[in-house]
Structures are given as structure tokens and as C-alpha cells.
Amino acid sequence: MKDAAPQPTLLADYTPYPFRIGGVDLTFRLAPKSTRVIARIDFAPNPDRPGRHDLRLHGEGLKLMSAKIDGRKVKPARDAEGLTVAAAALPEGAFTWEAEVEIAPARNTALEGLYMSNGMYCTQCEAEGFRKITFYPDRPDVMAPFRVRIESDLPVLLSNGNPVAQGEGWAEWHDPWPKPSYLFALVAGDLAAVSDSFTTRSGREVALNIWVRAGDEDRCAYAMDSLKRAMKWDEDVYGREYDLDVFNIVAVDDFNMGAMENKGLNIFNSRLVLASPETATDGDFERIESVIAHEYFHNWTGNRITCRDWFQLCLKEGLTVFRDQQFSAHMRSAAVKRIEDVLTLRARQFREDMGPLAHPVRPDRYIEINNFYTATVYEKGAEVIRMLKLLVGDEGYRKALDLYFERHDGQAATIEDWLKVFEDATGRDLAQFNRWYTDAGTPRLSVRETWQDGTYTLTFAQHTPPTPGQDEKPPRVIPIAVGLINPNGDEVVPTTLLEMTEAEQSFRFEGLASRPVPSILRGFSAPVVLERQADAAERAFLLAHDTDPFNRWEAGRALARDVLTGLIAEERAPAGEYVEALGRMLTDEGLDPAFRALCLRLPSEDDLAQALHDAGLTPDPDRIHAGREGLATQIARQLQKPLAAIFAQMETPPPYRPDAGPAGRRALRLACLGLLNRTDHGTRAAALFAQADNMTESAAALACLIDGGRGAREIGAFYERWQGNRLVIDKWFALQVAHAAPEMAAQVAARLSEHPDFEWKNPNRFRALLGALAANHAGFHHISGAAYRFYVDWLIRLDPVNPQTTARMTTAFETWTRYDGDRKSMIRAELERLAATPELSRDSFEMVSRILGADG
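Here the residue numbering is sequential within each chain, running from 1 through the sequence in written order. Totals for whole chains, interfaces and linings use every residue, but because this is a predicted model, local features are given only for residues with pLDDT of at least 70 and side-chain atom pairs only at 80 or more, for both listing and counting. Note that water and hydrogens are dropped before the side-chain values are worked out from all heavy atoms of the structure.

Chemist: Tell me about the overall build of the protein chain, residues and numbers included.
Modeler: Runs of E in the DSSP output that reach at least two residues are strands. Runs of H or I that reach at least four are helices, and both are numbered from the N terminus. Counting secondary structure elements, the protein chain contains 26 helices and 31 strands. Overall, the C-alpha framework of the protein chain stretches about 85 × 65 × 60 Å when taken along its three principal axes. Residue exposure (1.4 Å probe, protein chains only): buried if accessible area is under 20% of the type maximum, exposed if over 50%, otherwise partly exposed. Burial analysis of the protein chain (856 residues in total) assigns 61% to the buried set. Contacts were defined at the residue level, with two residues in contact if any of their heavy atoms lie within 4.5 Å. In the protein chain, the proportion of contacts linking residues at least 24 apart, taken out of those at least 6 apart, comes to 71%. Of the roughly 32100 Å² of accessible surface on the protein chain, a fraction of 49% belongs to carbon and sulfur atoms. In this tally Asp and Glu are treated as negative and Lys and Arg as positive; neither His nor the chain ends contributes. We put the charge of a Lys on NZ, of an Arg on CZ, of an Asp on CG and of a Glu on CD. Charged side chains in the protein chain number 99 positive and 123 negative. The centres of these two groups are separated by 2 Å. Per-residue and other accessible areas were derived by the Shrake-Rupley procedure at a 1.4 Å probe size, with only the shown protein chains allowed to occlude residues.

Chemist: Quick rundown of the sheet that holds strand 27 (residues 478–485)? Include the residues and the values.
Modeler: By definition, two strands form a pair when at least two bridges between them are found by DSSP. The strand order 28-27-30 describes an open sheet built from three strands, whose pairing is antiparallel. In this open sheet, the two strands that pair with only one neighbour each are strand 28 (491–500) and strand 30 (517–520). Averaged over all pairs of adjacent strands, the angle between strand axes in this sheet comes to 25°, irrespective of strand direction. Pairing of strand 27 with strand 28, which is carried by seven bridges, proceeds in the antiparallel orientation. By the bridge assignment, Ile 485 is partnered in strand 28 with Glu 491. Note on method: axes are straight lines fitted to C-alpha atoms, helices fitted across the in-contact stretch only, with angles between N-to-C directions ranging 0 to 180 degrees. The strands touched by helix 8 (residues 536–545) are strand 27 and strand 30; relative to strand 30, the strand with the most contacts, the crossing angle is about 70°.

Chemist: Go over the packing of helix 23 (residues 786–798) against helix 25 (residues 821–835), please, and point to the residues and values.
Modeler: Two elements in contact, helix 23 and helix 25, have axes separated by 10 Å at closest approach and are oriented at 15°. Between helix 23 and helix 25, the angle is such that the two are roughly parallel. Regarding helix 23 and helix 25, the two cross each other, and that crossing is right-handed. Across the interface between the two elements, Tyr 788, Arg 789, Val 792, Asp 793, Leu 795 and Ile 796 from helix 23 touch Arg 823, Met 826, Ile 827, Glu 830, Arg 833 and Leu 834 from helix 25. Each residue gets one of three labels, nonpolar for Ala, Val, Leu, Ile, Met, Phe, Trp, Tyr, Cys and Pro, charged for Asp, Glu, Lys and Arg, and polar for the others, Gly among them. Classifying every residue of the contact of helix 23 with helix 25 by side-chain character gives seven nonpolar, no polar and five charged. In what follows, roughly perpendicular refers to angles from 65 to 115 degrees, roughly parallel to angles under 35, roughly antiparallel to angles over 145, and oblique to any angle outside these ranges. When the near helix sits turned anticlockwise from the far one by under a right angle, the crossing is termed left-handed; a clockwise turn instead gives a right-handed crossing.

Chemist: Before we move on, can you summarise the side chain of Arg 131 with the specific residues and values?
Modeler: Tracing the backbone through its elements, the reader meets Arg 131 in the loop between strand 11 (120–124) and strand 12 (144–151). Two N or O atoms form a polar contact when they lie within 3.5 Å of each other; inside protein one atom must be a possible hydrogen donor and the other a possible acceptor, and for residues adjacent in sequence the pair counts only when both atoms belong to side chains. Side-chain polar atoms of Arg 131 contact the backbone oxygen of Asp 138, separated by 2.9 Å. Beyond its immediate sequence surroundings of up to four residues, Arg 131 is in contact with His 58, Gly 59, Glu 60, Leu 62 and Asp 138.

Chemist: Describe the pairing of strand 15 (residues 170–179), and please don't skip the residues or the numbers.
Modeler: Judged from the seven bridges that link them, strand 12 and strand 15 form a sheet pairing that is antiparallel. Considered in strand 15, the bridge of Ala 144 is made with Lys 179. Taken together, the five bridges between strand 14 (residues 162–167) and strand 15 define a ladder with antiparallel strand orientation. The partner of Ala 165 across the bridge, within strand 15, is Glu 172.

Chemist: Mind laying out the pairing of strand 19 (residues 246–252), listing which residues take part and the relevant values?
Modeler: Of all seven residues in strand 19, seven are buried; the element is thus mostly enclosed. Alternating positions in strand 19 separate into two faces, Val 246, Asn 248, Val 250 and Val 252 on one and Phe 247, Ile 249 and Ala 251 on the other, with burial throughout. Relative to strand 21 (residues 265–269), strand 19 is paired through five bridges, and the arrangement is parallel. For Asn 248, the partnering residue across the bridge sits in strand 21 and is Leu 265.

Chemist: Tell me about the pattern of salt bridges, and name the residues and values.
Modeler: Criterion for a salt bridge: a side-chain nitrogen of Lys or Arg within 4 Å of a carboxyl oxygen of Asp or Glu. This model, assessed by the stated rule, comprises 73 salt bridges. Notably, a salt bridge pairs Asp 225 with Arg 229, separated by 2.8 Å at the nearest N-O pair. Within this pair, Asp 225 and its partner Arg 229 are both found in helix 1 (residues 221–238), separated by four residues, close to a single helical turn. In this structure Asp 225 comes out as partly exposed when scored by relative accessible area, which is 37%. Note that Asp 284 and Arg 287 form a salt bridge whose closest N and O atoms lie 2.8 Å from each other.

Chemist: Please provide a residue-by-residue account of the layout of surface pockets, values included.
Modeler: There is about 1400 Å³ of room inside the second largest pocket. Method remark: on a 1 Å grid restricted to protein atoms, a set of points is classed as a cavity if a 1.4 Å probe fits but cannot get out and as a pocket if it is open with protein on both sides within 12 Å along at least five of seven lines; lining residues have an atom within 4 Å of a point. Together, 44 residues line the second largest pocket, and Glu 60, Glu 81, Glu 128, Arg 131 and Arg 842 are the ones closest to its centre. Of all the secondary-structure elements, those providing two or more residues to the lining of the second largest pocket are strand 1 (9–10), strand 4 (55–58) and helix 26 (842–852). Grid points are joined across faces, edges and corners, and a volume is the space filled by probe spheres set on the points.

Chemist: Summarise the sheet that holds strand 2 (residues 19–29); cite the residues concerned and give the values.
Modeler: Spatially, 6-5-9-3-2-12-15-14 is the arrangement adopted by the eight strands of the open sheet, whose pairing is mixed. Each edge of the open sheet is held by one strand with a lone partner, namely strand 6 (72–73) and strand 14. Two strands pair when backbone bridges link them, and strand 2 and strand 12 are joined in this way by six bridges, in the parallel orientation. Considered in strand 12, the bridge of Arg 29 is made with Glu 151.

Chemist: Help me get a handle on the side chain of Glu 379, residues and values and all.
Modeler: One can find Glu 379 in helix 5 (residues 375–408). Once you skip the residues sitting within four places of it in the chain, Glu 379 turns out to touch Thr 344, Leu 345, Arg 348 and Thr 374.

Chemist: Report on the nonpolar core, specifying residues and quantitative values.
Modeler: Residues Trp 97, Trp 418 and Phe 433 are the most contacted members of the largest nonpolar core, which totals 283 residues. Sequence-distant contacts of Trp 418, defined by excluding residues within four places in its chain, comprise Leu 315, Leu 319, Ile 385, Leu 388, Leu 401, Tyr 404 and Tyr 437. By convention a nonpolar core is built from buried Ala, Val, Leu, Ile, Met, Phe, Trp, Tyr and Cys residues, the set being connected through side-chain atoms within 4.5 Å.

Chemist: How would you sum up helix 12 (residues 605–614)? Please name residues and give values.
Modeler: Buried within helix 12 are the following residues: Glu 605, Asp 606, Leu 608, Ala 609, Gln 610 and Leu 612. Backbone geometry just after helix 12 places Gly 616 at a positive phi near 85°.

Chemist: I'd like to hear about the environment of Ile 715, residue by residue, with values.
Modeler: Relative to the assigned elements, Ile 715 resides in helix 18 (residues 712–722). Judged by its relative accessible area of 16%, Ile 715 falls in the buried class. Sequence separation between Ile 715 and Gln 736 is 21 residues, and the spatial gap between their C-alpha atoms is 8.3 Å. Excluding residues within four positions of it along the chain, Ile 715 makes contact with Leu 702, Ile 706, Trp 732 and Gln 736.

Chemist: Hey, could you go over a negative patch on the surface for me, with residue numbers and the actual values?
Modeler: A grouping of Glu 217, Asp 218, Glu 278 and Asp 693 is seen on the molecular surface, where their side chains present a negatively charged patch. Mapped onto the secondary structure, Glu 278 falls in the loop between strand 21 and helix 2 (282–297). Its relative accessible area of 35% is what places Glu 278 among the partly exposed residues. Candidates for patches are residues over 30% relative accessible area with no salt bridge; among them, like charges are joined within 9 Å and nonpolar side chains (Val, Leu, Ile, Met, Phe, Trp, Tyr) within 5 Å.

Chemist: Lay out empty space enclosed by the protein with the relevant residues and their values.
Modeler: In this structure the tally under the stated criterion is four cavities of 30 Å³ or more. In this model, the largest cavity occupies a volume close to 50 Å³. Looking at the largest cavity, the residues that line it are Asp 253, Ser 270, Arg 726, Leu 727, Asp 730, Asn 762, Asn 764 and Arg 765. Mapped by element, the contributors of at least two residues to the lining of the largest cavity are helix 19 (726–738) and helix 21 (763–775).

Chemist: With reference to specific residues and values, describe the packing of aromatic side chains.
Modeler: Each Phe, Tyr or Trp ring (for Trp, its six-membered ring) is paired with any other whose centre lies within 6.5 Å, and the angle between the two planes then decides the class: stacked below 30 degrees, edge-to-face above 60, tilted in between. Overall, the coordinates contain 46 aromatic pairs when judged by the stated rule. Consider the rings of Phe 28 and Phe 184, whose centres lie 5.7 Å apart with planes at 10°: the pair is stacked. Placement of the pair is Phe 28 in strand 2 and Phe 184 in the loop between strand 15 and strand 16 (186–189), with a sequence separation of 156 residues. With relative accessibility at 0%, the residue Phe 184 sits in the buried group.

In C-alpha cells:
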């Protein structure tokens, strides 16, 4: 552990930067070990910070060759985080700063700033990577137009904005729109373009290019199609038109994140661009569509309007996630998309909210900002936007967004600015709603019911458990969508939005002929945990009759969870009522196949562990695994005939199409295969693997074979076919570990870590192996502790090379305190070993300290 603990940055300490920037000119003379960066920056005093101030510029790992102010050499005071020029040495008015620095992109393994990926120069500047390129006020509220000159013998030289000039060995770019430094981008390499164009609603033609390595051009069509659909959708739904002459996307193999919305030059992890039927699954295609849209939508919600400081990160990310969720719902099944979004929220964000890493959607402190690119900021941030839209209505939401774009275009905004726009547009007071941004934790919503003389009353009570640094929390505004269903299955009260503002509040429904069955929290109208006891008969009734697709699915999932927790905790036999209800749903041809596939998916082992923990029980990973396997086998045996019939019926004829219809049919077919595999000794999976013409079916069949303890031949055949494709080999690593038997998971991971294709410095490959081990719940938590030791061994090895990826991978341990004493002791020992690592990065130090603090 470091001798002196890093000190946090506090929201309360924010002050505007004392200077404004009129323009930035950068020249890059690229060389792998000695790139020269020449900066010329025009500064002027900021009237919002009157008085004389030092010039403070961030800079890390830079070799300063020269520095000048208005042409005169200066010798700034240097420290590990930047440089300072004393106020007395500055002109009283505007001045020009010039600096030349040297950096070594080839040695930059952290993949922040300017680095190299297989011979390509690439940048990643969010959140604080620009300070590793040149000295600059690297903060989001300092915005300026950039002009960039790139000098290199590489054939493709790209930066932000529009191309303005080029010649042999050089190119110049100009971005006229003021932007913060985190949106700067540069790419140089031997690349091929897949090109198209888009005509905006005002008639401007925009050149579109996706830049990839030679040989990958045939895997860009879906990404290009997704981009064009996103551009059209943003015009139609939000009235937002693209504002440059060119939009470039570059696919990069070595990338810490999914993608980056740099103005006019989006840089993507190649797994979120490259796709063909043979190499990408339906899930890959759907993620590409979503992320392409997400990064494009940032052009307005993130770029044209950015965040004042990193505490406001949810302003750009929560809003843009909500926008990409809307887009995907319009492109595909809205009901299925909503269920998938909630599954993600519960698996990632609820887990975060219930543990030591809980923090508000807008945090008020951080040590390392990279650690706050979290599910709370992204997914819960989107849920907050969704609730706001529910409360003000579609018309109020559109009116508020139009005002937001009009009022704050070209600015660095805050959550206060965002909420004020809604207050001004709709007349609502949102002071209480703001608690969704300031208070951490997932509210618990309990409900009591009374029935008397035709009046049905629902009384709700809300409570948010304590989280680190926050104990008592006042009531929030909670939108609760409710419908009522008669005992005969007819809906008597359609979806009605109740607005809860008190700690306890009652709502009455009068004039009813019989006591109804309530359908509460329709569409998952608020990110809360609903605490309401219901018997199996009521859940089966809602699964059969609820008109709200989300709550219909929720009833089936709750029924499955009840059966499983009872089986695990009390060793009761699975309830036949659940399997019968599942069978009726499975054979209902009026339901979307993708919806039926989701209903066949049992709660995850991690979900069950949390359910047991919430019930005051200590989850046993072995019994959870055995119970889930047992129920799946009973379903397979009891529903064998309809499963087999639907497996055959859902076969999709060629050619392969990734859109929602055929993808839904494949999802249902493969869900059936996963169950049938338990009774047919892998016969169907082996046959499908042999004949599959697409990766969706090939990977699913291989997973089934590994699940059944088979597939050695197919594992070898898969590798032989795809060993030249990095993205497919990522799948090869992940499938073997994720589907390994619990007692073998750590051993399989260890064996694969010695494979020559385990390129551990590549974030995708590292996550494929280690992330799959963490996702194998029973394997990761095997009582031997072998997985814990193996996992931490690799985190210690990766940390000095790539701190950002290391820190994010520590979240595998965030729920460690819910397990038994032996497992907790082993995990604590491994976390303490990681914490004691000499020169542990700031990123990992913060995460390990917070996780260890859970047991304090």
C-alpha cells in the first residue's frame, strides 16, 4: 500500500478555471518512441474568476522540450501532475502559451492518452488522458475549437472535425465546435475505409466512414446501417441534426472501453463494430446497433452540451443511455428491450447499490474518476431520466429537451441546469426528485392492501437502506405504474401512474365489483425493490393474464425465484405449478418468441445468492448451483415434447438476418436447446454445431456441449477454424471458463492462461478469460479458494500495465461479505494481498479500499 493515501476530489470544491481558451493549435510529429507534440494555445482571463491567477496546466509523463508565453521562454514549476506559471509572470490580459513535449506512444500500455495498437496510433482521452499528450487544463468545463496537424508517413491521418488540408506525409483538421480536451482524438495507421453518406433533413450531405484494418471491410455493413438509422432517428425523435461534413468511426483492437464519442471521430473497440453472421452472435449485432447509436447520440448530449465537471458525468451518460434504449426499443421489441434493460440494471447496478461501492448517481467525491464509470452513473442514470419522462409526460419531456438544447448548446452544464430546464418547461417543482441524483441506494417499496365495499386500497411505504457515507435518507418521488385485474382475467383498471412522495402513502380505487389482483410497478416504472408477498397461484395468474409484458415476465421470474430459494434453503421439491405455468407460456404462439425465450431463462446464480442474502440467509454457491441445475432438469423432462417441437419449429431458414424477428426465433430455439441438452446427451447440440452457418447457433451449441461435460472435439474444431480472428477467439476463451464445471473452473482458466493466444495485455482477451471466471458463480466461489487466488494473481500482474482495467475487474469481489466465514476469510486475504502490492495504482487502491471497507 502506498505510504500516503490519495486524497479525494470534492464536488464542493469546484471553482471555474481562471482562464478561457480562444483556440488550440496542435502539431503531432509521430514516432513510436519519440512523438513530438507542439501546442499553441490562446488564453484570456475568465471574467467569472476576477483577479490575478497562476496558470495551472495538467501534464503527466511528458518530457518538456520548450515553453513560451507570447514568444518568450519561461521555466514553469513542475510536479508529478503538471506545471504552474506564477501569476506575476503572466501578462495582465490575453496571452499565447506555446509548448513542445515528447511522448512515447509505443510504451503506453495503460491505453490512455496517445498509444499504439498493432502499429496504429490511437487516443483515449476520457476522462483525463489528454494530460498525457500535452500540458493543458484537462477538465471538461474548459472548451475550445481545435486545429490539428498530423505529420507521419502512415497513409491515413485522422482527427476531430472536418479535413481542411493534406499532402504527402501530413494532414490538417479543424473542429469549429468548442469542446473539452477529453473529446480530442487522433488516429494514424494503414487503414481501409468503408464509406457511405447521409443526407440530413436540411439537405446537407455528410460523408460517413468506418476505418478498419485491411481484410475487415466485409464486417462493417451492420455498423454502417446502424449509424444511418441512428442519425435519422435522432432527427425524427429529438430534432437533432449532425453538424459536421464528415463522421468517422475507427475500429481498434486495444481499447479499455466500449467506444468513445470524440467529436466527429468516434473510436470503437473493434468488437462493437466488426460483425458478420459467421463471426458475431445476435447479441453482438444488437450491442453494435446500441453502442453505435449511443456514441452518435453523444454528439448533442455530451459534446455540444457537455458536463461542467466529472461529478456531472451522469448528465451526459444517463441521458445518452436512455436515448439509446429508446432507439433500440423502436428498432426491436419494446417489451423485450425493457426486460433486458432491467435484467442488466439488477445484475449490475442493484448489486452495486447494495454493497461497498454504492454511490449516488451524481457522486460528491472521488479519488480516481475512472472508477465512476459505473452502472449507477449509466444504467441508474438512465432510469432517473425514464422516471422524469413518466412524471412530466411525453409532451413535457420533448418541450424540456428542446429548451435544454436551446439554452445550453455550447456549454458545460450541471444536474441543476438539467432539472431547471424541466421546471421551467413544465412548471413542476423537482427539488424532491433531485434526491435520485444525490442519494445512493435502491429504495425498498413495501405494500399493504385492503378491500372493503368495492374500494381497493394500496398503501405503499418506502425506505432506502444505509449506504457508505449516507445513513438516513428522506422519501423520494417514486412513480408507480399500477393496473388492476379481475379474478376472471379482465383488466378493470388500466395502467395508472401513482406519484408517491411520502414515506407512507395510500391510493384508493373505488367502484369495483370484486377484489382485484394488482399489477404493480408496470414497465418497471421506478428502480426499486418491491417487497410484497404473493403466493404461487397469484404469480401464475399474472403470468397468464397480466396485460403488461414486463409484469407478466416478472411474475414468472418471481415464481421461479420462489421455487428455487425454497429448494435451496429448505430442500423442498420444485413446485409443479411453476413448470405447468411455464409450459402454457412456452406454447402460447401469440407471444413474441424473444419474450418466451426470456421467460425460459431461470434467475442467475448471483441473483439467487442475493435473494437468499436479502432473506437473512447465507448463500451457499454449491447448493445454489445444484438447485438451479435440478430445476432446469425438471423443466426439461416435464416439458420435453413442447421443447422439442418448438426447437424444430423455430429453425430460421437462410440467409441469416440479425434483425429482431429472426433473432427472437433463434433465441427461443436456443433456450429450448439449453434445456433439451439435459436429456438428449448432447445429440441436438452436436448436430447443430456441425451444421450451423452462424455464430449465434455455433457458440450456443458449443456452450451446451461444454455444460454437459462434452465438446472436446468441438472446442478444438472451433479454435482451428477461428484462430486468426481475435474477436471469435475471445469467445473461445470465455465459453470454456464460463461453462466449466464449478470444481474445474479455476483449473480451466489457469490452463488457458498459458495458451499462446492469451494476450493478457489486450483488455478484450483479459476480460474474456478473467471475466468469464468471475461470471461462473459456483466456480469462482468454489470452496477451495483457487479461483480467488488465480484472479488476484492476474490483477497484481496487470495493475502496473493497465490500472484502469485492473480496477474495474476488482468488482468481482464487491458482494464478498454475503458469503460464509470460510469464503470471506479467503477473499479478505486475497484483497489484502492485492492492497499490499508495492506501487499499487491509484485506480486499484481506491477500489480495493472501498471493497475491503464493507466488512469494517
